[in-house]
Protein chains: 2
Amino acid sequence: MCGTCGCHVIKIEQKILAINDETADINRTHFVDNDILTINLMSSPGSGKTTLLERTIREIGRPVAVVEGDQETPLDAERIRRTGCPVVQINTGAGCHLEAGMLAGALDDLKPAPGSLLFVENVGNLICPSLFDLGEKYRVVILSVTEGADKPLKYPHVFAIADLVLLNKVDLLPYVDFDPLECRRHLAAVNPRADLLPISATRGDNLADWYDWLN
Amino acid sequence: MCGTCGCHVIKIEQKILAINDETADINRTHFVDNDILTINLMSSPGSGKTTLLERTIREIGRPVAVVEGDQETPLDAERIRRTGCPVVQINTGAGCHLEAGMLAGALDDLKPAPGSLLFVENVGNLICPSLFDLGEKYRVVILSVTEGADKPLKYPHVFAIADLVLLNKVDLLPYVDFDPLECRRHLAAVNPRADLLPISATRGDNLADWYDWLN
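From a predicted model like this one, the values you see are computed outputs, not experimental measurements.

Focus: the overall build of chain A
If you tally the helices and strands in chain A, you get eight helices and seven strands. For 215 residues, the compact-globule formula gives about 17 Å, and the C-alpha radius of gyration of chain A, at 17 Å, lands near that figure. Residues classed as buried in chain A amount to 49% of the 215 residues present. Counting contacts in chain A only where the partners sit at least 6 residues apart, residues at least 24 apart contribute 74% of the total.

The following block contains the structure:
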């Protein structure tokens with residue numbers, strides 16, 4: 001029961017998540033059957049997901065497809081399309097995250113080639129996307145140094161499920177108050193299993209390590 | 001009906017919002033009766049809300065009280081407490097926004113003095129907090145230049161309800177690709193009524209204008 005109004009919202013949330021998980025399993029089977037490696041990219045708004053994808057598509061040397069999630073606008077899909085990469089935009093309207101059913105619908109349009117790498121750029125939000133399995137193989141969280149080293153502690157749910165955390169915008173480290181060691185310690189406290197890889201999607205720092213991780 | 005599972009989730013969401021609005025009205029009456037000016041501060045994670053509050057508390061020269069919203073940790077409340085300002089921390093756990101009932105509960109503990117300025121620092125999230133009226137007088141959205149100029153278009157709901165948008169971290173403008181005029185144009189497209197005030201909470205740029213606006 002919901003504490004606010006005594007309704008059955010918790011039960012319904014559980015039902016929505018259960019149905020989402022069933023669809024995620026169908027997506028997962030499709031990815032395995034077609035040798036598609038799917039990455040769910042999650043972060044705050046403006047942490048550099050799209051910039052990282054533009055560069056990754058150009059440099060990784062293997063087929064990539066992208067699904068873009070945003071509340072509104074086709075802006076991110078247009079940026080990806082200019083790289084020549086197949087892309088589908090999902091606009092969630094008032095919605096705050098992608099769900100497995102939305103991804104399934106996008107796959108019908110996108111039809112990623114067997115053997116390709118599929119990036120799902122989730123809606124910019126460090127909270128809600130963490131609840132919804134999309135059927136992806138890996139979850140990558142991007143944190144930018146301008147956001148502060150305390151974020152893994154303050155938003156532990158999304159960091160706890162990450163397979164890798166990219167620490168982006170390290171080119172801005174000289175100009176902000178950010179201690180990478182403190183951030184690493186906070187991440188280890190909520191997720192001892194995920195590595196923290198410092199990168200700069202604009203300047204190129206350590207992107208070879210990112211491509212190695214993907215390959 | 002919900003598109004995912006055919007449940008009555010939309011109806012229940014409407015019921016939750018209606019009950020939230022009733023509680024928000026009770027909060028609003030309390031604020032008016034006690035001459036408390038309440039500001040709901042919303043932004044992405046790490047855009048500088050707490051840093052701005054620390055400085056505002058020290059410099060504005062009038063009684064301030066603060067309610068801090070975060071998924072986890074008392075870190076922000078501890079920072080505010082060190083300024084000597086009364087503060088209450090709300091931890092939402094899996095929750096992605098503050099609701100009017102949470103604020104009402106916090107007010108029981110905080111008991112802001114009549115005549116004071118009450119800041120409610122919402123959970124760092126550009127989406128969900130925009131749905132929930134807390135009974136505040138004004139809504140202020142903080143956008144930092146590191147997040148990109150396209151954010152008002154991509155997250156229009158929160159920008160559309162803003163009374164003021166603070167463009168923070170302008171001290172980082174020399175190091176990032178951000179066009180303030182483009183941002184101003186995008187904000188005007190979704191909210192012609194809200195002013196965009198460029199500030200730096202760390203360096204102090206234009207904070208006098210922010211205090212003037214509050215007073």
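Side note on the sheet that holds strand 2 (residues 64–70) of chain B
All names here are of chain B. Here we have seven strands laid out as an open sheet, ordered 3-2-4-1-5-6-7, and parallel in their pairing. Only two strands of the sheet have a single neighbouring strand rather than two, namely strand 3 (87–91) and strand 7 (195–198). On average, each strand axis in the sheet is inclined to that of its neighbour by 20°, with strand direction left out of account. With five bridges connecting them, strand 5 (residues 138–144) and strand 6 (residues 164–168) associate as parallel partners. Within strand 6, the residue paired with Val140 across the bridge is Leu164. Its contacts with the sheet put helix 2 (residues 49–59) on strand 1 (37–43), strand 2, strand 4 (117–121), strand 5 and strand 6, and the angle it makes with strand 4 is roughly 165°.

Some remarks on the interface of chain B and chain A
In this assembly, 41 residues from chain B lie in contact with 41 residues from chain A. Listed by contribution, the elements that provide at least two residues to the side of chain B that touches chain A are helix 1 (9–33), helix 5 (151–154) and helix 6 (156–160) of chain B. Looking at the side of chain B that touches chain A residue by residue, the class counts come to 19 nonpolar, 13 polar and nine charged.

Thoughts on the pairing of strand 6 of chain B
A regular strand places its side chains so that they alternate between the two faces of the sheet. Residues and elements named next belong to chain B. Among the five residues in strand 6, four count as buried, and that is most of the element. The pairing of strand 6 with strand 7 spans four bridges and is parallel. Looking at strand 7, one finds that Val165 is bridged to Leu196. Crossover connection from strand 6 via helix 7 (residues 180–190) to parallel strand 7: handedness right-handed.

Here's the deal with the relation of the copies chain B and chain A
For the pair chain B and chain A, the relating rotation is 180°, the translation along its axis is 0.0 Å, and the fit reaches an RMSD of 0.0 Å. As the rotation angle and translation indicate, the two copies are arranged about a two-fold axis.

Looking at the nonpolar core
Within soluble globular proteins, side chains that are nonpolar tend to cluster in buried spots. In terms of nonpolar packing, the biggest core is built from 111 residues, with A:Val165 and B:Val165 touching the most fellow members. The contacts of A:Val165, once residues within four sequence positions are left out, are A:Val141, A:Leu143, A:Phe159, A:Leu187, A:Ala194 and A:Leu196.

Focus on the confidence of the model for chain A
Chain-level statistics for chain A give a pLDDT mean of 95 and a share of 96% at 70 or above. Overall fold confidence for the complex sits at a pTM of 0.95, while the interface term, ipTM, reaches 0.93.

Observations concerning helix 4 (residues 100–110) of chain B
Restricting attention to buried positions, one finds in helix 4 of chain B the residues B:Ala100, B:Gly101, B:Met102, B:Leu103, B:Ala106 and B:Leu107. Among the residues trailing helix 4 of chain B, B:Lys111 stands out with phi positive, at a value near 45°.

Side note on helix 7 (residues 180–190) of chain A
All names here are of chain A. Where helix 7 is concerned, the buried positions are Cys183, His186 and Leu187. Looking straight down helix 7, one finds its buried side chains confined to an arc of 100°; they lie on one side. Of the surrounding elements, those touching the buried residues of helix 7 are helix 5 (151–154), helix 6 (156–160), strand 6 (164–168) and strand 7 (195–198).

Definitions and limits used
- Residues numbered from 1 in each chain as written.
- Chains lettered and ligands numbered in written order.
- Predicted model: local features only at pLDDT ≥ 70, side-chain atom pairs only at ≥ 80, totals over all residues.
- Helix = DSSP H or I, 4+ residues; strand = E, 2+ residues; numbered from the N terminus.
- Rg over C-alpha atoms; globule rule 2.2 N^0.38 Å.
- Buried ≥ 20, exposed ≤ 12 C-beta atoms within 10 Å, placed from the backbone.
- Contact = placed C-beta atoms within 7 Å.
- Pairing = 2+ DSSP bridges.
- Axes fitted to C-alpha atoms, helices over the stretch in contact; angles between N-to-C directions.
- Nonpolar A, V, L, I, M, F, W, Y, C, P; charged D, E, K, R; others polar.
- Right-handed = clockwise from strand over helix to strand, strands pointing away.
- Least-squares fit on C-alpha atoms with pLDDT ≥ 70 in both.
- Core = buried A, V, L, I, M, F, W, Y, C linked by C-beta atoms within 7 Å.
- pLDDT = per-residue confidence, 0-100.
- Arc of directions from axis to C-beta.

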